[in-house]
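Observations on chain architecture
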Amino acid sequence: MDFELNELQIAIRDAARKYAQDKLAPGARERDREERFPKAEVAEMASLGLMGVNIPEAYGGAEAGTVAYSLAMTEIAAGDASAAVTMAVTNMCGELIVRAGNEDQRQRYVTRLTSGEYTAGAFALSEPQAGSDPGAMATFAEKKGDRWVLNGAKQWITSGAYAGVMVVWARTAKAPGAKGISCFLVEGGTKGLLVGKAEDKMGLRASNTVPLTFEDCEIPEENLLGVEGDGFKWAMVALDGGRIGIASQAIGIGRAAMDASIRYAHEREAFGKPIADFQAIRFKLSDMATELDAARLLALRAAWLKENGRPFTREASMAKLYASEAANRAVAEAVQIHGGYGYVDEFPVERHLRDARVTTIYEGTSEIQRVVIARELLRG
């Protein structure tokens, strides 16, 4: 098996790393404390090609592949996880429109996402009573002449207040479960689209997360994405790919916490010598490095499979499950290594701990990942 990266993958990774270290990391603490969306930083990321890493050049993307996307996501998350989740959702929306949309939709929306003309994209699937079970969604779209009229509510929508376009799921037929769900493109600012108050979150506080309400929200009939009734299929396709992104994000957060712990272990002294000399600290660092490296390989395997057009549902869930839980173990140990200083915001590890927590929840909880993995195994 060849683990060597090609020149394009290295270039994307290195560009993301330099931007994350030079521009994102220095201001991450301040943006977190102020709950300030990184609008200027996201625009700069778009200029570097990071808002369309796996999107064809014809639509403004870097066309660098899923492996390059995973590498870039890890680097951005190590600098600022809030900026990383904005990047992740925007890339996911752009990829979905490329795959499910027609040429007009690609030209109208994908090019604006990759260029930064649209600050971000949003993925509106979850509802107040339908998170892990999208088949329970109640938002409904009714066809009236040459318009679709949407009514309902969505919850936990990343970048919802800043999105230029949202991919929105709604029922178009009164059918049970996942049947009768369709997918739509709704532009930010559309009449009848109401953006709620931003959530006061534990972590990712510089990322915007809002509820959305649709009250007789009219959109043109050509804003149906794909074929009517195929919405659930496209949601699952998008989530499979999205899980590679969240796995990579978790790895980046965990790595940032480990790097901070290594620096601190060299600087902090106890009993007359650096704490890096104590076996207890060395074992914690060893376990962190081993688990994060294993997570990285799982994420890259899933990314390689996707990039080469091979089935990757199980592998993406494995990567997301393992990486998110490994990252949470890593950040907890990082706080422990820092002792009391790990509990205050003077040091970055308390932010890493808060940011890592949600990676076991969104894009499918760890429990849902186990359901997916088991289902794929039992299918043979």
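Predicted, not measured: the structure shown is a model, and the values here were computed from it. (Residues numbered from 1 in each chain as written. Predicted model: local features only at pLDDT ≥ 70, side-chain atom pairs only at ≥ 80, totals over all residues. Heavy atoms only, no water.)

**Comments concerning the overall build of the protein chain**
Put simply, the rule is: Working definition: helices are DSSP H or I runs of at least four residues, strands are E runs of at least two. Numbering for both runs from the N terminus. Our radius of gyration looks at C-alpha atoms and nothing else; its globule reference is 2.2 Å times the residue count to the power 0.38. Buried, partly exposed and exposed residues are distinguished by accessible area as a fraction of the type maximum, computed with a 1.4 Å probe on protein chains only: under 20%, between the cut-offs, and over 50%, respectively. Where accessible areas are quoted, they stem from the Shrake-Rupley method and a 1.4 Å probe; at the residue level, only the protein chains shown are allowed to cover.
Helices and strands together make up the secondary structure of the protein chain, namely 10 helices and 10 strands. Taking 2.2 N^0.38 as the reference for a compact globule, 380 residues should give roughly 21 Å; the C-alpha atoms of the protein chain span a radius of gyration of 21 Å, in line with that estimate. Each principal axis of the C-alpha atoms in the protein chain carries an extent, and together these give about 80 × 45 × 40 Å. Taking all 380 residues of the protein chain together, the buried fraction comes to 53%. Element-wise, carbon and sulfur atoms account for 52% of the exposed surface of the protein chain, whose accessible area totals about 16,700 Å².

**Overview of unusual backbone geometry**
In this structure, Glu 63 takes a positive phi of about 50 degrees despite not being glycine. Examined against the element boundaries, Glu 63 turns out to sit in the loop between helix H2 (39–47) and helix H3 (66–79). The backbone of Glu 363 shows a phi angle near 60 degrees, a positive value even though the residue is not glycine. Along the polypeptide, Glu 363 turns up in the loop between helix H9 (349–357) and helix H10 (366–379). On the accessibility criterion, Glu 363 (15% relative accessible area) is buried.

**Looking at the side chain of Glu 75**
Applied cut-off: By definition in these notes, contact holds between two residues if any of their heavy atoms fall within 4.5 Å.
Mapped onto the secondary structure, Glu 75 falls in helix H3. Look past the residues within four positions of Glu 75 in its chain and what remains in contact with it is Arg 13, Ala 16, Arg 17, Ala 20 and Arg 255.

**Considering the UniProt feature "domain: Acyl-CoA dehydrogenase/oxidase N-terminal" (unreviewed entry) in the protein chain**
Applied cut-off: UniProt positions are given in the numbering used here, feature names are shortened, and annotations may be inferred rather than shown by experiment.
The UniProt record annotates "domain: Acyl-CoA dehydrogenase/oxidase N-terminal" (unreviewed entry) at residues 7–117. Each end of residues 7–117 is marked by a C-alpha atom, and these two atoms are 28 Å apart; helix forms 76% of the span and strand 0%.

**Topic: the environment of Ser 317**
In this structure, Ser 317 sits in helix H8 (residues 313–338). Here the alpha-carbon distance between Ser 317 and Val 344, two residues 27 residues apart in the chain, equals 33 Å. Apart from the residues lying within four places of it in its own chain, the contact partners of Ser 317 are Arg 243, Gln 369, Val 372 and Ile 373.

**With respect to H2**
Keep this limit in mind: Directions from the helix axis toward the C-beta atoms define the arc.
Listed in full, the buried residues belonging to H2 are Glu 41, Val 42, Met 45 and Ala 46. Along H2, the residues classed as buried sweep out an arc of 145 degrees about the axis, all on the same side. Opposite its buried face, H2 presents the exposed residues Ala 40 and Ser 47, each directed more than 90 degrees away. Looking at the buried residues of H2, the elements they touch are helix H1 (7–34), H3, helix H4 (81–100) and helix H5 (103–115). Remark: Gly 49 follows H2 within two positions and exhibits a positive phi of approximately 85 degrees.

**Some details on the pairing of strand S2 (residues 140–144)**
Note the threshold: DSSP bridges decide pairing: two strands pair if at least two such bridges lie between them.
Sheet analysis places S2 next to strand S3 (residues 147–158), joined by 5 bridges and oriented antiparallel. For Lys 143, the partnering residue across the bridge sits in S3 and is Trp 148. What sits between S2 and S3 in their antiparallel hairpin is a turn of 2 residues, with Gly 145 showing a positive phi close to 65 degrees.

**Topic: the domain arrangement of the protein chain**
For interface size, the figure often reported is the accessible area lost on association. Selection rule: Segment limits for the domains were obtained from an automatic or database-derived domain assignment. Note: buried area is the sum, over both parts, of the accessible area (probe 1.4 Å) each one loses when the two are combined. We define a salt bridge as a side-chain nitrogen of Lys or Arg found within 4 Å of a carboxyl oxygen belonging to Asp or Glu. Side-chain atoms alone can form a polar contact between residues adjacent in sequence; in general such a contact is a pair of N or O atoms within 3.5 Å, and within protein one must be able to donate a hydrogen while the other accepts it.
The assigned domain composition of the protein chain is domain 1 (7–120), domain 2 (123–228) and domain 3 (232–378). If you average the C-alpha positions of domain 1 and of domain 2, the two centres end up 22 Å apart. For the pairing of domain 1 and domain 2, the buried interface totals around 2,100 Å² over both sides, and the portion due to carbon and sulfur atoms is 64%. Three residues, Glu 35, Phe 37 and Tyr 109, lead the burial of domain 1 against domain 2; their summed loss comes to 24% of the area buried on that side. Linking domain 1 with domain 2 are 1 salt bridge. Where domain 1 meets domain 2, there are 10 residue pairs in polar contact (both at pLDDT 80 or more). Looking at the side of domain 1 that touches domain 2, the elements with two or more residues in it are H1, H4 and H5. It is H4 that provides the largest number of residues to the side of domain 1 that touches domain 2, a total of 10 residues.

**Some points on the pattern of salt bridges**
Applying the stated rule across the entire model yields 32 salt bridges. Between Glu 291 and Arg 329 there is a salt bridge, with its nearest N and O atoms 2.8 Å apart. On the criterion of sequence distance, the pair formed by Glu 291 in helix H7 (residues 279–307) and Arg 329 in helix H8 is long-range, its members being 38 residues apart. Each of Arg 17, Glu 75, Arg 255 and Asp 259 takes part in a single network of salt bridges with overlapping partners.

**Focus: the environment of Met 318**
When you line up the elements, Met 318 lands in helix H8. Separated by 10 residues in the primary sequence, Met 318 and Asn 308 place their C-alpha atoms 18 Å from one another. Residue contacts for Met 318: discarding those within four places in its chain leaves Leu 298, Arg 301 and Ile 373.

**Digging into the packing of helix H6 (residues 231–267) against H9**
In plain terms, the rule: To obtain each axis, a line is fitted to C-alpha atoms, and for helices this fit is confined to the stretch in contact; angles are then taken between N-to-C directions over 0 to 180 degrees. Working rule for angles: under 35 degrees goes down as roughly parallel, over 145 as roughly antiparallel, 65 to 115 as roughly perpendicular, anything else as oblique. By convention the crossing between two helices is left-handed if the near helix lies anticlockwise of the far one by an angle smaller than a right angle, and right-handed if it lies clockwise. Ten residue types, Ala, Val, Leu, Ile, Met, Phe, Trp, Tyr, Cys and Pro, are classed as nonpolar, four, Asp, Glu, Lys and Arg, as charged, and the remainder, Gly among them, as polar.
The contact between H6 and H9 brings their axes to 10 Å, and the two run at 160 degrees. The angle between H6 and H9 places the two elements in the roughly antiparallel class. The element H6 and its partner H9 pack so that their crossing is left-handed. Residues Ile 253, Ala 256, Ala 257 and Ala 260 of H6 touch H9, and the partners they reach there are Val 349, His 352, Asp 355 and Ala 356. Of the residues that constitute the contact of H6 with H9, the class distribution is 6 nonpolar, 1 polar and 1 charged.

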